[in-house]
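Per-entry structural report
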2 protein chains.
Amino acid sequence: MSDVIIGADLGGTKIRSALFDVRGHLLARKSLPTLASRGPDVVLGRIVACLREMVAAAQGQAILGIGLGAPGPLNPWTGVISTPPNLPGWHDVPLRDLLAQEFHLPVYVGNDANLAALGEHRFGVGKGVDDLIYITISTGIGGGIISGGRLFLGADGAAGEVGHQTIDINGRRDRCGNVGCLEVLAAGPAIARQANEAIARGEATAIATLAQAENRPISAEHVHRAARQGDRLARQILAHAGENIGVGVVNLLHLFNPRLVIIGGGVANAGELLLEPIRRTVQERAMEVFRRNVRIVPAALGDDAGLYGAVALVLSELGR
Amino acid sequence: MSDVIIGADLGGTKIRSALFDVRGHLLARKSLPTLASRGPDVVLGRIVACLREMVAAAQGQAILGIGLGAPGPLNPWTGVISTPPNLPGWHDVPLRDLLAQEFHLPVYVGNDANLAALGEHRFGVGKGVDDLIYITISTGIGGGIISGGRLFLGADGAAGEVGHQTIDINGRRDRCGNVGCLEVLAAGPAIARQANEAIARGEATAIATLAQAENRPISAEHVHRAARQGDRLARQILAHAGENIGVGVVNLLHLFNPRLVIIGGGVANAGELLLEPIRRTVQERAMEVFRRNVRIVPAALGDDAGLYGAVALVLSELGR
């Protein structure tokens, strides 16, 4: 019999939970569709169902706590989620207290990208590196900042919105209200948009064929697959996204001076097609003191980074 | 007899030093021209001369330590200055150790903008606010970040280069090697450049007259003075600089989530002419959680912020 921890990750489409030992070994897992459109009560019921399975899987071992990643904005100290864009109907839901009452266990809540950063720091590619920035690139661009081995949270626990930095002052308006944000220029939808625009201009590419074969609209994943097959337009689009991300990374280096930048999220599956232009842009643009000791690497934990981060959060809150 | 502290500030044109009591009251001061062009040995001699006067002014009171602000890049832990652009001939000068040997006192060294942030935090407009960003706008744009009451230094002690964030990806190349930096768009030289360009286009303005009356090239200060007299072009140029700074401030809010942003440096003497467009841009662009609890205010300590910061550094290093 040894101590265990439950980690969970509330996403717009899936709720994932897992049981871990204190060294971060995954012992069991369970996921359920979120059914976000049915509103907070249904979603809360599904979170509880998911967690209950993990409590059962613990088979009486001592559960030290539950860690939960959720979409921001949320307050990491009160565990209240305000109005996440992917969870319709949510407004100031006291998620931490509701779950603590349900399970009579310590519950800790964090922004999903922050927890992914914690996960990579404690169990992934950031192990042993106490100043790092994790960037997740998928439908949006989010991030988590570790400084001196701890999450950098800011005054309201909302720091680290790395996708919402303006890098093109003359650019498009983002749904966040800001203009020319990195997210608008380089996240998945921007990649798909650029493919659609090029196709509308009549450029030759295999991207459309790949999407049509699946009867789906063009996504960043189609661009990535076409690029792997050598498609020239697809490679250009990914290189351009990488350069834009590189500009954002240079800003982060100059502001936070980290030792490591970790690139994760679905779009990062493009690997070197995205990493090479990021690294090149950093070499071209960053000041020497900021670039000479920094590495830019792909994330190691993939979709599970948030789950591992939830465990890391519980361990760190318990001083372990 | 009570304890005293010596603060000093090494600038490209002036060396300033002062004697303080431990509550930050200034007891005596001395400044000398830096004579930077004569190289490090001459400059070091003048720093020592300046400090020696403060040691004499202490009249036998116990000197707890010497704090010194200097232009970066410098390593705050080793006290070595690498190659500051404003100090020709300097290369990896172990400033802290040289002064410690000379005076047999504890010496602490910090980046000048970081120390100004510390000064405003401990003795100025940032008193009691533990998450703040200080921005200095003069020939360049620098900054210091206080998080949880402490300087945010980053892995190499170089964090907080707030002027070297790209906000215009299609902009001019900066002397730092980066493109479209805030500094290139909104520091003093950018303001003067825009005035010159407008005058070359034939726009009506009092700016040129003010500069000619002094037989000097147009500077940001002439633009500021013309603006105070109601000059339309001068007001437009300052408003534009303020909007650009506002974009940079929004980025900083989204990344660091501070409670307070302090605007200092010579260009900030323009006061509301600069602060109003900064605040307006933040209202227009920043996400709600980041802007609702943040204040944007002028610095309180003016040119002395670095001196006060040097004292704050000594006190904080001594755990006081």
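None of these values were measured; they are calculated from a predicted model. Within each chain, residues carry numbers counting from 1 in the order of the written sequence. Chains and ligands are labelled by the order in which they are written, letters from A for the one and numbers from 1 for the other. The predicted nature of this model means local features are confined to residues of pLDDT at least 70 and side-chain atom pairs, given and counted, to a pLDDT of 80 or more, with totals for whole chains, interfaces and linings taken over all residues. Excluded from the side-chain calculation are hydrogens and water; included are all heavy atoms of the structure.

What follows is about the sheet that holds strand β3 (residues 26–33) of chain B. Strands in a sheet are paired, the pairing made by backbone hydrogen bonds, and the direction either parallel or antiparallel. All names here are of chain B. Strand pairing is assigned whenever DSSP identifies at least 2 bridges connecting the two strands. For helices the rule is a DSSP run of H or I covering at least 4 residues; for strands it is a run of E covering at least 2, with both sets numbered from the N terminus onward. Strands sit in the order β3-β2-β1-β4-β7 across an open sheet of 5 strands; the sheet is mixed. Of all the strands in the sheet, just β3 and β7 (107–111) have a single pairing partner and so form its edges. Strand-to-strand twist of the sheet, defined as the mean angle between neighbouring strand axes without regard to direction, takes the value 15 degrees. Direction of pairing for strand β2 (residues 14–21) relative to β3: antiparallel, over a ladder of 7 bridges. Looking at β3, one finds that Ala-18 is bridged to Arg-29. We call two residues in contact whenever any of their non-hydrogen atoms come within 4.5 Å of each other. For helices, the fitted line uses only the C-alpha atoms of the stretch in contact; every axis is such a line through C-alpha atoms, and the angle between N-to-C directions lies from 0 to 180 degrees. The strands touched by helix α3 (residues 112–123) are β1 (4–10), β4 (63–70) and β7; relative to β7, the strand with the most contacts, the crossing angle is about 105 degrees. Lying over the sheet, helix α11 (residues 305–317) contacts β1, β2, β3, β4 and β7, oriented at roughly 130 degrees with respect to β1.

This part covers helix α8 (residues 232–256) of chain A. Residue and element names in this part refer to chain A. How far a helix is expected to stretch is found by multiplying one less than its residue total by 1.5 Å. The end-to-end C-alpha distance of α8, which contains 25 residues, comes to 35 Å, matching closely the 36 Å that a straight helix rising 1.5 Å per residue would cover. Relative accessible area decides the class of each residue, using a 1.4 Å probe on protein chains only: under 20% of the type maximum gives buried, over 50% gives exposed, and in between gives partly exposed. When you tally the buried positions in α8, you get 19 out of 25 residues, the bulk of the element. The N-terminus of α8 is capped by Asp-231, whose side-chain oxygen sits 3.4 Å from the backbone nitrogen of Leu-233. Looking one or two residues beyond α8, the residue adopting positive phi is Asn-257, at roughly 50 degrees. Any pair of N or O atoms that falls within 3.5 Å is considered a polar contact. Within protein, one atom must be able to donate a hydrogen and the other to accept it, and sequence-neighbouring residues count only if both atoms are side-chain atoms.

This paragraph deals with the domain arrangement of chain A. Put simply, an interface is often sized by how much accessible area is lost when its parts join up. All names here are of chain A. Throughout, the edges of the domains are those of an automatic or database domain assignment. Its domain assignment divides chain A into domain 1 (4–119 + 304–317) and domain 2 (128–299). One C-alpha centre belongs to domain 1, the other to domain 2, and the line joining them spans 27 Å. At the junction of the two partners, domain 1 supplies 10 residues and domain 2 supplies 15 residues. Defined in terms of a 1.4 Å probe, buried area is the accessible area two parts forfeit on being brought together, summed over both. At the boundary of domain 1 with domain 2, total buried surface from both sides reaches about 950 Å², with 65% on carbon and sulfur atoms. Looking only at domain 1, the three residues that lose the most surface to domain 2 are Trp-77, Asn-114 and Ala-117, adding up to 50% of its buried area. Here, a salt bridge means any side-chain nitrogen of Lys or Arg that lies within 4 Å of a carboxyl oxygen of Asp or Glu. Between domain 1 and domain 2 we count 0 salt bridges in total. One can count 0 residue pairs in polar contact (both at pLDDT 80 or more) joining domain 1 with domain 2. The dominant element in the side of domain 1 that touches domain 2, judged by the number of residues it contributes, is helix α3 (residues 112–123), at 5 residues. Following the grouping adopted for this structure description, the nonpolar residues are Ala, Val, Leu, Ile, Met, Phe, Trp, Tyr, Cys and Pro, the charged ones are Asp, Glu, Lys and Arg, and the polar ones are all others, Gly among them. Of the residues assigned to the side of domain 1 that touches domain 2, the class counts are 9 nonpolar, 1 polar and no charged.

Residues and elements named next belong to chain A. Read from one edge of the open sheet, 5 strands run β3-β2-β1-β4-β7, paired in mixed fashion. In the strand order of this sheet, the two ends are held by β3 (26–33) and β7 (107–111), each with one partner. The average undirected angle you get between the axes of adjacent strands in this sheet is 15 degrees. Where strand β4 (residues 63–70) lies against β7, 5 bridges are found, and the strand directions are parallel. Within β7, the residue paired with Ala-70 across the bridge is Asn-111. Across the face of the sheet, helix α1 (residues 40–57) comes into contact with β1 (4–10), β2 (14–21), β3 and β4 while running at roughly 160 degrees to β3. Strand contacts of α3: β1, β4 and β7, with the helix running at about 105 degrees to β7, the strand carrying the most contacts.

This part takes up the interface of chain A and chain B. Listed as interface residues are 43 residues of chain A and, on the opposing side, 43 residues of chain B. Interface area, chain A with chain B, both sides summed: about 3500 Å², of which 55% is carbon and sulfur. It is A:Ile169, A:Leu255 and A:Arg285 in chain A that bury the most area against chain B; as a group they hold 20% of the surface buried on that side. Along the contact surface separating chain A from chain B lie 2 salt bridges.

The next thing to look at is the relation of the copies chain A and chain B. Rotating chain A by 180 degrees and moving it 0.0 Å along the rotation axis overlays it on chain B with an RMSD of 0.0 Å. Classification of the inter-copy transformation places it as that of a two-fold axis. Of the interface residues in chain A, 100% have counterparts in chain B that sit at the interface too, so the contact is made through matching surfaces. We place the copies in one frame by least squares, fitting the C-alpha atoms of every residue whose pLDDT is at least 70 in both.

Below, the discussion takes up unusual backbone geometry. A negative phi angle characterises most non-glycine residues, just as the trans form characterises most peptide bonds. Residues and elements named next belong to chain A. Note the cis peptide between Gly-72 and Pro-73, where omega equals -5 degrees. Among the structural elements, Pro-73 can be located in the loop between β4 and β5 (74–75). Although it is not a glycine, Leu-35 sits at a positive phi angle of roughly 55 degrees. Tracing the chain through its elements places Leu-35 in the loop between β3 and α1.

On to the pairing of strand β9 (residues 141–147) of chain B. Residues and elements named next belong to chain B. Along β9, 6 of the 7 residues are buried, which leaves the element largely enclosed by surrounding structure. Two strands pair when backbone bridges link them, and strand β8 (residues 132–137) and β9 are joined in this way by 6 bridges, in the antiparallel orientation. Of the residues in β9, the one forming a bridge with Ile-133 is Ile-145. Here β8 folds back onto β9 in antiparallel fashion, the turn holding 3 residues. Pairing analysis gives 2 bridges linking β9 to strand β10 (residues 150–151), with the strands arranged antiparallel. Bridging from a neighbouring strand, Ser-147 pairs with Arg-150 of β10.

Here we take up the pattern of salt bridges. The final tally for this structure, using the stated rule, is 36 salt bridges over all chains. The salt bridge involving B:Glu203 is made with B:Arg201; its shortest N-O contact spans 2.9 Å. Judged by relative accessible area, which is 32%, B:Glu203 ranks as partly exposed. Owing to a relative accessible area of 58%, B:Arg201 belongs among the exposed residues under this scheme. Salt bridges linked by common partners bring A:Glu214, A:Arg216, A:Glu221 and A:Arg225 together as one network.

Residue and element names in this part refer to chain A. Among the structural elements, Asn-111 can be located in strand β7. We classify Asn-111 as buried; its relative accessible area is 16%. Separated by 2.8 Å, the side chain of Asn-111 and the backbone nitrogen of Ala-113 make a polar contact. With residues near it in sequence (within four places) discarded, Asn-111 still touches Ala-70, Gly-72 and Leu-74.

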